[in-house]
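The residues making up each chain are set out below.
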Amino acid sequence: MHDCPLESGSRLQRSRFHDGRRVHVIERDMTEPDRIVGELLQPGGYLKLIELGLEDCVQEIDAQRVIGYALLKDGRNTKLSYPLEKFHSDVAGRSFHNGRFIQKMRQKAASLPNVQLEQGTVTSLLEEGGTVKGVQYKTKSGEELKAYAPLTIVCDGCFSNLRRALCSPKVDVPSCFVGLVLENCQLPHPNHGHVILANPSPILCYPISSTEIRCLVDVPGQKVPSMASGEMASYLKTVVAPQIPPELYGSFIAAIDKGNIRTMPNRSMPAAPLPTPGALLMGDAFNMRHPLTGGGMTVAFSDIVVLRNLLKPLRNLHDASSLCKYLESFYTLRKPVASTINTWLVRYTKSSVPQLTRLGMRCVKLASIT
């Protein structure tokens, strides 16, 4: 959800578990998103969906079960399965078209009688004496309105225009993803994410439907080859394609020739909150990590569960100062999940390609002899 001024609450729950809070959700754009990330939900994230009563949001969107990762390098490969033996058989990762998943969550929100879902662009936070009272926003028709609430949840994504009032952002862009959709092919290991330990940096492949595979090529630095000049197609065919598994090679070349190539910067930003009465920052607006392992949504849903549990016993959110102090525990309680994922990915982004390759090959060799 984006730019959420909340009348007196902050969560979607199981339909049989309403606590009566009214929620006003303001979404910048209600059309189905078309993104190349936010497509792989780890098992831990799926478990958080279950806690929130949102597991049906991955149903009827052709989502694919993901039960582990495969590492590939120079013709050698191995599988690393998630340790799911103690969980119900339904528990696994899920991969899907991000837009389909977002639309299902919007439908879920709109179905709740205490939720007002509206399209609009939040332009600023409304502050009074250092306390956030709500937001100013522009409706789809261009009308300028104000919305007030005792608690405003700001989660307007990686390009947040509002985060500077609520945190000290230090955004780093270590690399960019070049995304393609491969068709008419099968991954070497079904129901697995695939990390190809390529040069100069890894390539990630995973299913996003029963007929499509997402391929993300990590390009170091903040600039990618030009698509307009043909430099990008040349780079993908001469540098990347020779390192693609033979099962995917033909579809990879076909995707390049088709020309539907997407790019996006990979951002990382440590959580550095500025506790502010009346508001809380969440999602990519608050904390980002390299998307290589698909940990972003797991962190986001884990944060939502933490916040849900903190707010659950509160009947009155109108004492902004006391609520702000109470919610400072959110930053401590989120650490077990968020810090683990963030720390691993910080190590990844600061590692050289040879270091990453050696680490990956150790996994391949170890798995091949056990």
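Residues numbered from 1 in each chain as written. Predicted model: local features only at pLDDT ≥ 70, side-chain atom pairs only at ≥ 80, totals over all residues. Heavy atoms only, no water.

A. Expanded view of unusual backbone geometry. Here the residue pair Asn199 and Pro200 is connected by a cis peptide bond, since its omega of 15° sits within 30 degrees of zero. Assignment of secondary structure puts Pro200 in the loop between β13 (192-196) and β14 (203-207). In the Ramachandran plot, Asp62 falls in the positive-phi region, its phi being about 60° despite a non-glycine side chain. Within the fold, Asp62 resides in the loop between α1 (43-52) and β4 (64-66). Given a relative accessible area of 33%, Asp62 falls into the partly exposed group. (Helix = DSSP H or I, 4+ residues; strand = E, 2+ residues; numbered from the N terminus. Buried < 20%, exposed > 50% of the residue type's maximum accessible area, 1.4 Å probe, protein only.)

B. Quick look at the pairing of strand β10 (residues 144-148). Pairing analysis gives five bridges linking strand β9 (residues 131-139) to β10, with the strands arranged antiparallel. Paired with Gln136 across the strands is Lys146, a residue of β10. Counted along the chain from β9 to the antiparallel partner β10, the turn is four residues long, and its residue Gly142 has a positive phi close to 100°. (Pairing = 2+ DSSP bridges.)

C. Structural context of the confidence of the model for the chain. In the predicted model, the chain carries a mean pLDDT of 87, and 86% of its residues have values of at least 70. Of the regions scoring below 50 in pLDDT, residues 1-17 engages in 75 contacts with residues more than four places distant in sequence or in other chains. Note on residues 363-370: pLDDT is under 50 here. Beyond four places in sequence and across chains, it has ten contacts. (pLDDT = per-residue confidence, 0-100. Contact = heavy atoms within 4.5 Å.)

D. Up close: the pattern of salt bridges. Evaluation of the coordinates by the stated rule reveals 13 salt bridges. Notably, a salt bridge pairs Arg214 with Glu39, separated by 2.9 Å at the nearest N-O pair. Linking Arg214 in strand β15 (residues 212-220) with Glu39 in the loop between β2 (23-27) and β3 (40-41), this pair joins segments that are 175 residues apart in sequence. Of the charged contacts, one joins Glu60 and Lys104 as a salt bridge, the two residues approaching to 3.9 Å between their closest N and O atoms. Within this pair, whereas Glu60 is found in the loop between α1 and β4, its partner Lys104 is found in helix α2 (residues 98-110), the two being separated by 44 residues in sequence. Judged by relative accessible area, Glu60 falls into the exposed class, the value being 78%. A relative accessible area of 19% means that Lys104 is categorised as buried. Within the structure, one salt-bridge network assembled from shared partners comprises Lys48, Glu51 and Arg308. (Salt bridge = Lys/Arg side-chain N within 4 Å of Asp/Glu carboxyl O.)

E. The nonpolar core, seen in detail. Ranked by size, the top nonpolar core spans 30 residues in total, and within it Leu307, Leu311 and Phe330 carry the most contacts. Looking at this core, the elements that each hand over two or more residues are β8 (115-128), β9, β11 (151-154), β17 (279-281), α5 (296-311), α6 (320-327) and α7 (329-333). Broken down by element, the residue count for this core peaks at four residues, all from α5. Counting 27 residues, the second largest nonpolar core, distinct from the first, contains Leu72, Cys215, Val217 and Ile256. (Core = buried A, V, L, I, M, F, W, Y, C linked by side-chain atoms within 4.5 Å.)

F. Structural context of the sheet that holds β3. Across the sheet, which stays open at both edges, the three strands sit in the order β3-β7-β4 with antiparallel pairing between neighbours. Two strands bound the open sheet, and with one partner strand each, they are β3 and β4. The pairing of β3 with strand β7 (residues 93-95) spans two bridges and is classified as antiparallel. Considered in β7, the bridge of Leu40 is made with Ser95.

G. Spatial organisation of α5. Here α5 spans 23 Å end to end across 16 residues, near enough to the 22 Å set by a 1.5 Å rise per residue. Of all the positions in α5, only Met297, Thr298, Val299, Phe301, Ser302, Asp303, Val305, Val306, Leu307, Arg308, Leu310 and Leu311 are classed as buried. (Expected span 1.5 Å × (residues − 1).)

H. The arrangement of α1 in detail. By the burial criterion, the buried members of α1 are Pro43, Gly45, Tyr46, Leu49 and Leu52. At its buried positions, α1 is contacted by β3, β7, α2 and α5. Of the residues one or two after α1, Gly53 is the one with positive phi, at around 75°.

I. Quick peek at the packing of aromatic side chains. One pass over the structure, following the stated rule, counts five aromatic pairs. Between the aromatic rings of Tyr69 and Tyr82, the centroid separation amounts to 6.3 Å while the plane-to-plane angle is 90°, which identifies the pairing as edge-to-face. Note that Tyr69 is positioned in strand β5 (residues 68-73) and Tyr82 in the loop between β6 (76-81) and β7, a separation of 13 residues in sequence. Across this residue pair, the class does not change: Tyr69 and Tyr82 are buried. For the ring pair Phe286 and Tyr331, a centre distance of 5.8 Å and an interplane angle of 55° mean the geometry is tilted. Note that Phe286 is positioned in the loop between β17 and α5 and Tyr331 in helix α7, a separation of 45 residues in sequence. One residue, Arg94, lies across the ring of Tyr46, its end atom 4.3 Å from the ring centre. (Phe/Tyr/Trp six-rings, centres within 6.5 Å; stacked < 30°, edge-to-face > 60°. Lys NZ or Arg CZ within 6 Å of the ring centre and 35° of its normal.)

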